[in-house]
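Overview (structure and organization)
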Amino acid sequence: MSTASEKNKKLIVLMAHYNNPKGLLDSLRSIDEPFEVDVLIVDDGSEHKPNEAELRDSYDNGTLYFDYLKTNQGVGIAANRALELAQQMHYELIARFDCGDIYYKEKFKKQLDYLAANPDVKLLGTWARVIDEKGNFLHMLKHPTSYEELKKKMYLNSMFLNPSVVFYSEIISEVGNYPYKYRRAAQDYAFFFKVIKKFKAENYPEVLMDYIADPNSISTTKRRLQVKNRINIVLDNFYWGWYPIFGILRGSILYLMPRSLTTFFKKIVQRT
């Protein structure tokens, strides 16, 4: 993989790609900022690999970098590979993006302006509009914004939408990469837990992206494993208090409950 030249290495977006060239193209085309945004794409052993020439012709908001895993190893391994390369390239800020999701205009500008005005905040997510694969609206995803509330409610579920976050690369030296232990599911949740215990993190109170609820996502195809891992992550960070205890009870109920029932209750909650 070629490295970044001597340019302003402010922000790099990390994307793990697996057999979704159209989603990759759509996502890249949605990046619309008044400054350069470089993107590193790690292909996770795809049969349908990215068309580098087409992508470079379509993306004029920064530089694209590509890296290829020889075999499919899972999004957790691909994401950590991207993190390792980003650190070697010495970018100040790192963002995550998933193929198929869509950013709104100047998403990063709003986040970077907020981070500049609040230097104590080291990771910043956003709200999102959740849609299905056909573009139909499902619900809004509006996690808490304040650090104190986020620290408490992290014991119930992840309070950050992974493809929305921007964080300072310097924090990796203290929290490490995505935990290998949870590489198959919930690695983002474990990573955010480590971050929020050491650094101030918040969510920007505005819907700045469309997030696709993919029926083939890990949260659907490996739901029970993901819920089990979330329970273990809460146990890893446990203290005697209301939120950790309730988080374990909640996770245990979700583990036993069928997916169709949890989806039904989620829709009811979102409508209220």
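Check the entry above for the structure.
Now for a look at the structure at hand. This structure is a prediction, so every number in the text was calculated from the model and none was measured.

**Notes on the pairing of strand β4 (residues 93-98)**
β4 sits mainly inside the fold: five of its six residues count as buried. In terms of strand pairing, strand β1 (residues 11-17) meets β4 through six bridges, oriented parallel. Bridge pairing in β4 places Leu-11 opposite Leu-93. Alignment of β4 against strand β8 (residues 166-168), held across three bridges, turns out to be antiparallel.

**Here we look at the side chain of Asp-210**
Residue placement: Asp-210 occurs in strand β9 (residues 200-212). For Asp-210, a relative accessible area of 9% gives the class buried. At a separation of 2.9 Å, a polar atom in the side chain of Asp-210 contacts the side chain of Arg-129. Residue contacts for Asp-210: discarding those within four places in its chain leaves Asp-101, Ile-102, Tyr-104, Arg-129 and Ile-131.

**Some details on the nonpolar core**
Counting 77 residues, the largest nonpolar core has Ile-12, Met-15, Leu-28, Val-39, Phe-160 and Phe-167 as the members making the most contacts within it. Excluding anything up to four places from it in sequence, Phe-167 contacts Leu-83, Glu-92, Leu-93, Ile-94, Lys-122, Leu-123, Ile-172 and Phe-191.

**Here we look at the packing of aromatic side chains**
Any pair of aromatic rings gets described here by the distance separating the centres and the angle formed by the planes. Summed over all chains, the structure comprises 12 aromatic pairs. Between the aromatic rings of Phe-238 and Trp-240, the centroid separation amounts to 5.1 Å while the plane-to-plane angle is 85°, which identifies the pairing as edge-to-face. A relative accessible area of 76% places Trp-240 in the exposed class. Between Trp-242 and Phe-246 the ring centres are 5.1 Å apart and the planes differ by 15°, which places this aromatic pair in the stacked class. Here Trp-242 pairs with Phe-246, and both are found in helix α10 (residues 242-256), just four residues apart, close to one helical turn.

**What about helix α3 (residues 75-88)?**
Helix length check: α3 (14 residues) gives 20 Å between terminal C-alpha atoms against 20 Å at 1.5 Å per residue, within 8%. Along α3, the residues classified as buried are Gly-76, Ile-77, Ala-78, Ala-79, Asn-80, Ala-82, Leu-83, Leu-85 and Ala-86. Once α3 finishes, His-90 follows within two positions and takes phi at roughly 60°, a positive value.

**With respect to unusual backbone geometry**
Positive phi values are uncommon outside glycine, yet Asn-19 reaches one of about 55°. For Asn-19, the position within the fold is in the loop between β1 and α1 (21-30).

**Describing the packing of helix α9 (residues 223-236) against α10**
Axis separation between α9 and α10 bottoms out at 9 Å; the angle between their running directions is 165°. By the angle class used here, α9 and α10 are roughly antiparallel. Once α9 is placed against α10, the crossing between them reads as left-handed. Contacts from Arg-223, Arg-224, Val-227, Lys-228, Ile-231, Val-234 and Leu-235 in α9 reach Pro-244, Ile-248, Gly-251, Ser-252, Leu-254 and Tyr-255 in α10.

**Thoughts on a nonpolar patch on the surface**
On the surface, Trp-240, Ile-245 and Leu-249 cluster together into a nonpolar patch covering about 390 Å² of accessible area. Structurally, Trp-240 is set in the loop between α9 and α10.

**Describing the environment of Met-159**
Checked against the element boundaries, Met-159 lands in the loop between α5 (147-153) and β8. Residues Met-159 and Asn-203, spaced 44 residues apart in sequence, show a C-alpha to C-alpha distance of 8.6 Å. Discounting chain neighbours no more than four positions away, the residues touching Met-159 are His-143, Pro-144, Leu-150, Lys-153, Met-154 and Asn-203.

**Side note on the pattern of salt bridges**
Counted according to the given criterion, the structure contains 15 salt bridges. The partner of Glu-206 in a salt bridge is Lys-110, with the nearest N and O atoms 2.7 Å apart. Here Glu-206 is found in strand β9, whereas its partner Lys-110 is found in helix α4 (residues 107-117), with 96 residues between them in sequence. On the basis of relative accessibility, which here comes to 28%, the residue Lys-110 falls in the partly exposed class. Between Lys-200 and Asp-120 there is a salt bridge whose closest N-O contact spans 3.1 Å. Of this pair, Lys-200 sits in strand β9 while Asp-120 sits in the loop between α4 and β6 (121-131), placing them 80 residues apart in sequence. On the basis of relative accessible area, Lys-200 is assigned to the partly exposed category, the value being 28%. Salt bridges here are not isolated pairs; linked through shared partners, they connect Asp-120, Lys-200 and Glu-202.

Reading the values: rules and limits
- Residues numbered from 1 in each chain as written.
- Predicted model: local features only at pLDDT ≥ 70, side-chain atom pairs only at ≥ 80, totals over all residues.
- Heavy atoms only, no water.
- Buried < 20%, exposed > 50% of the residue type's maximum accessible area, 1.4 Å probe, protein only.
- Helix = DSSP H or I, 4+ residues; strand = E, 2+ residues; numbered from the N terminus.
- Pairing = 2+ DSSP bridges.
- Polar contact = N/O pair within 3.5 Å; in protein donor to acceptor, adjacent residues only side chain to side chain.
- Contact = heavy atoms within 4.5 Å.
- Core = buried A, V, L, I, M, F, W, Y, C linked by side-chain atoms within 4.5 Å.
- Phe/Tyr/Trp six-rings, centres within 6.5 Å; stacked < 30°, edge-to-face > 60°.
- Expected span 1.5 Å × (residues − 1).
- Axes fitted to C-alpha atoms, helices over the stretch in contact; angles between N-to-C directions.
- Parallel < 35°, antiparallel > 145°, perpendicular 65-115°, else oblique.
- Left-handed = near helix turned anticlockwise from the far one by under 90°.
- Patch = residues over 30% accessible without salt bridge, like charges linked within 9 Å, V, L, I, M, F, W, Y side chains within 5 Å.
- Areas by Shrake-Rupley, 256 points an atom, 1.4 Å probe, with all protein chains shown as cover.
- Salt bridge = Lys/Arg side-chain N within 4 Å of Asp/Glu carboxyl O.

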